[in-house]
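# Survey of secondary and tertiary structure
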Amino acid sequence: MKRASRLRALLALAVLALSLYLSLTQTPRLGLDLRGGTQLVLETRDSPTTKADRAATERTLEVLRRRVDGLGVSEPNLARSGENRIVVELPGVQDPREAAEVLGRTAQLTFHPVLGADPQGPGNPGPKDKRTLRDESGQPLRVGPAALTGEQVDGAEAGFDAERGSGWYVTVDLRGSGEQKWAELTGDAACKPMGDPARRAAIVLDDKVISSPQVNESVACGTGITGGSTQITGNFTQQEAQGLALLIKGGALPVPVELIEQRTVGPTLGADAIEASAEAAVIGISLTALFITVVYRLLGILAALALGCYALISYAALLALGATLTLPGLAGFVLAIGMAVDANVLVFERAREEYAAGRKKKRRGGADNGAPPNIRTALTAGFRNAFSAVADSNITTLLAAGLLFFFASGPVRGFGVTLSIGVLASMISALVVTRVLAEFALARDLVRAAPRLTGLADEGRVRTWLTRRGPDLMRHRRRWLAASALVLALAAGGIGLRGLDFGVEFTGGRMVEYATATQVDPGAARKALAEAGFPRAVVNSSGEGDLTVRTEKLTAAQEDEVRKTVAGLGGKTEKVRDELIGPSLGDELRRNALIALGVALLAQLAYLAARFRWTFGASAVAAMAHDVLILVGVFAWLGKPVDGVFLAALLTVIGYSVNDSVVVFDRVRELWGANRKAPFDRIANSAILQTLPRTVNTGIGAVLILAALAFLGGDSLTDFAVALLIGIGVGTYSSLFTAMPLAIELEARSTAPPPRPAGRAKSALSPTGPRRRAGARRADDSGAVV
């Protein structure tokens, strides 16, 4: 075994051993959409005295963490997102209203002297350092400036006075200067006669008097209450007393916070999503493994084993990074299998070409005529020649995944992370693990004696047909462009006539999904909700017994009314999903989606122009825009929602479309470099015909996986899989019949010279292309690809 082969084998073993260790010793971190619970996104706002910058947000995060700990939620997760946002995950919390109220309150606790009653009421503002507030019984009191604040509070506990029967109270412990200031405040109040409002001290929370007790007659004038502890009474219920103690103990928020996003998923829905996604993954991987085994025989079996290794490596990478696995992330995990298959197919098809070229040279009379071509040499050449196409196509996919992470939000960011990990793992699987297994197998005498067993000795049905017929697909290139223009017009018509059904992520509002005992007709539910006072509610059926209601805004009381209305139609009703998006966040997400699409097009153009030619880059980007518009138009005609998951599918289609274009342009560059005087349209046609077997086999593998997701992945993934199925079909067409005809037209107007030969270049005049023009080099002199 060569030194390079030994190093690859050791690297593969090390990666697999580490992946297995992580998989056995670590547990995955599931997103709330898989395990059930509530996610809140809070945004800090400027206060009159404090700017909501990064430092203030960090301090706010620590206060919120203490409050969440007081709620008793198991395994909560709080993290800062960006400059002024905080993401709070509360597993198992199905009614987020109480949690949101506790977390969102600023809890600005202050202690004030009472100056006296104010017969004019709160409408009389008075001097700046004095104001009127209503006490707990509703009577107006004139209070002075705060003597101390919540910053001097050391702790708070709720208690029940069983001896005197006065009910629940809150004990507040003071610290530092708070002890002395409280003694001064109560000492001044003790100098007033009993019954005088000025003998009271007002305890104010968020500008509301929660208690204004009168100082006990046993307290001496000028001495006050010492010891640093006092009680707040006010006819509290147990829940009110415990909530107040939690707010005081947690501390005051440095700046106010606003709830801009809320997602609640029932545990049943999460468990069903895991089961459905796992079933789709198993069936998709099995079908794909069966397909590549049928096509590539022994090497197909080894590639299927490498796919299993890919799954292990991807899973271990998620554990090592501590990434949260979400439902779209599961879809990205399954989809990346297609990327791994694509890399294997690229290598195997190039190896088939090398073996066929070597066999043809033997027939024409090589030095060792009669000896069979070397299957191991053909495989090595396949890995070498396919590397640039594999690298370029995966880099373009990583660009799309990176944009998802930076511009999307919520679970869709998990899709970007998982897709990125999957792409990197697929390259390790295809270029290292598959190669180690294949080299070991091809070194066996039995395999060398029967090369047809490997699957590389046969050209395959698609390549055989193309070799025999040699169609000139680019002869009618302007017809292909006209067909693309017609489809674009139809897509634009759908967007203009039908409009786009933007999801709640982009419009803002609230979307609630209910599971009903019996099937509810969306039209009947729409009518009932209109009669109940919700005429603008959008109602859709999202599966058997599932109903989705989307409105601009719903309060908690209004949501209860909606649920009762739905229950009146469908019997027992359970809320399984609840999403709230603030209008400002919806505008931001819509803006970010447009920025992501624009940046994706520019980034792909810049990369392709640098790696290839500007004409290739412009053609590929035009094909991408073609794919995006058609996919959006199809969803408009079908009336399907355009939401965050659709954005993930759209950017994935961009990556897939460029992936196809890169493979074809990589072959064009190679063939044109070998025959720089050949007409470009013939070069382009040969490149298409030579890469078409890879396109067909990769497309079938991806369709098998996505079909499994569409039929078995559950309602949440159906639209995602449908979008990708449409995108793959459109992307495959555009790469061949939009990008390439455009490149031919642009090259006809370009003055740039053809690319220089790189390495062991192939002839543009292959047997699968048009007849060789006069003066070109012989295919057998240039190692022609067959």
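Every chain is numbered on its own, with residues counted from 1 as its sequence reads. Since the coordinates come from a predicted model, pLDDT governs what is reported: local features require at least 70, and pairs of side-chain atoms require 80 or more to be given and counted, while whole-chain, interface and lining totals use all residues. Hydrogens and water molecules were not included; the side-chain quantities draw on all heavy atoms of the structure.

## So, empty space enclosed by the protein
Unoccupied space between atoms shows up once a probe the size of one water molecule is rolled over them. For the record, the criterion: A pocket here means an open set of points on a 1 Å grid, computed over the protein atoms alone, that has protein on both sides within 12 Å along at least five of seven lines. A cavity is instead a set of points where a 1.4 Å probe fits but cannot get out; residues with an atom within 4 Å of a point line either one. Grid points are joined across faces, edges and corners, and a volume is the space filled by probe spheres set on the points. Each helix is a run of H or I in the DSSP string that is no shorter than four residues. Each strand is a run of E no shorter than two, and both are numbered from the N terminus. Only Asp, Glu, Lys and Arg are considered charged, only Ala, Val, Leu, Ile, Met, Phe, Trp, Tyr, Cys and Pro nonpolar, and every remaining residue, Gly among them, polar.
This model, assessed by the stated rule, comprises five cavities of 30 Å³ or more. Space inside the second largest cavity adds up to approximately 100 Å³. If you go around the second largest cavity, you meet 14 residues; those closest to its centre are Leu346, Arg350, Val663, Arg667 and Thr691. Looking at the lining of the second largest cavity, the elements that each hand over two or more residues are helix H8 (327-365), helix H9 (375-407), helix H19 (644-674) and helix H20 (680-712). Split by residue class, the lining of the second largest cavity holds four nonpolar, three polar and seven charged.

## Some remarks on the state of the cysteines
Note the threshold: Any two cysteine sulfur atoms lying within 2.5 Å of each other are counted as a disulfide. The classification of residues rests on relative accessible area computed with a 1.4 Å probe and restricted to protein chains. Under 20% of the type maximum is buried, over 50% is exposed, and intermediate values are partly exposed.
Applying the stated criterion across every chain, the model contains one disulfide. Across the disulfide, Cys191 is cross-linked to Cys221 (sulfur-sulfur distance 1.7 Å). Handedness here is read from the sign of the S-S torsion; for Cys191 and Cys221, about 85 degrees, the answer is right-handed. Note that Cys191 is positioned in the loop between helix H5 (177-190) and strand E11 (201-205) and Cys221 in the loop between strand E12 (208-211) and strand E13 (229-236), a separation of 30 residues in sequence. Relative accessible area serves as the criterion here: at 40%, Cys191 is assigned to the partly exposed category.

## Topic: the side chain of Glu43
Note the following rule: Two N or O atoms form a polar contact when they lie within 3.5 Å of each other; inside protein one atom must be a possible hydrogen donor and the other a possible acceptor, and for residues adjacent in sequence the pair counts only when both atoms belong to side chains. Contacts between residues were defined by any pair of non-hydrogen atoms, one from each residue, lying within 4.5 Å.
Within the secondary structure layout, Glu43 lies in strand E2 (residues 37-44). When its relative accessible area of 8% is taken as the criterion, Glu43 is described as buried. Looking at Glu43, its side chain comes within polar contact range of the side chain of Arg45, at 2.7 Å. Setting aside anything within four residues of it in sequence, one finds Glu43 in contact with Asn84, Arg85, Pro256, Val257, Glu258 and Ile260.

## A short note on the packing of aromatic side chains
Operational definition: Any two rings among Phe, Tyr and Trp, with Trp reduced to its six-membered ring, count as a pair given centres within 6.5 Å; such a pair is stacked if its planes are under 30 degrees apart, edge-to-face if over 60, and tilted if neither.
The final tally for this structure, using the stated rule, is eleven aromatic pairs. For the ring pair Phe111 and Trp182, a centre distance of 5.5 Å and an interplane angle of 70 degrees mean the geometry is edge-to-face. Of this pair, Phe111 sits in strand E5 (residues 109-117) while Trp182 sits in helix H5; the two residues are 71 residues apart in sequence, bridging distant segments of the chain. In this pair, the class of Phe111 matches that of Trp182, namely buried. Taken together, the aromatic side chains of Phe612, Phe616, Phe665, Trp672 and Phe680 make up a single cluster linked through ring pairs.

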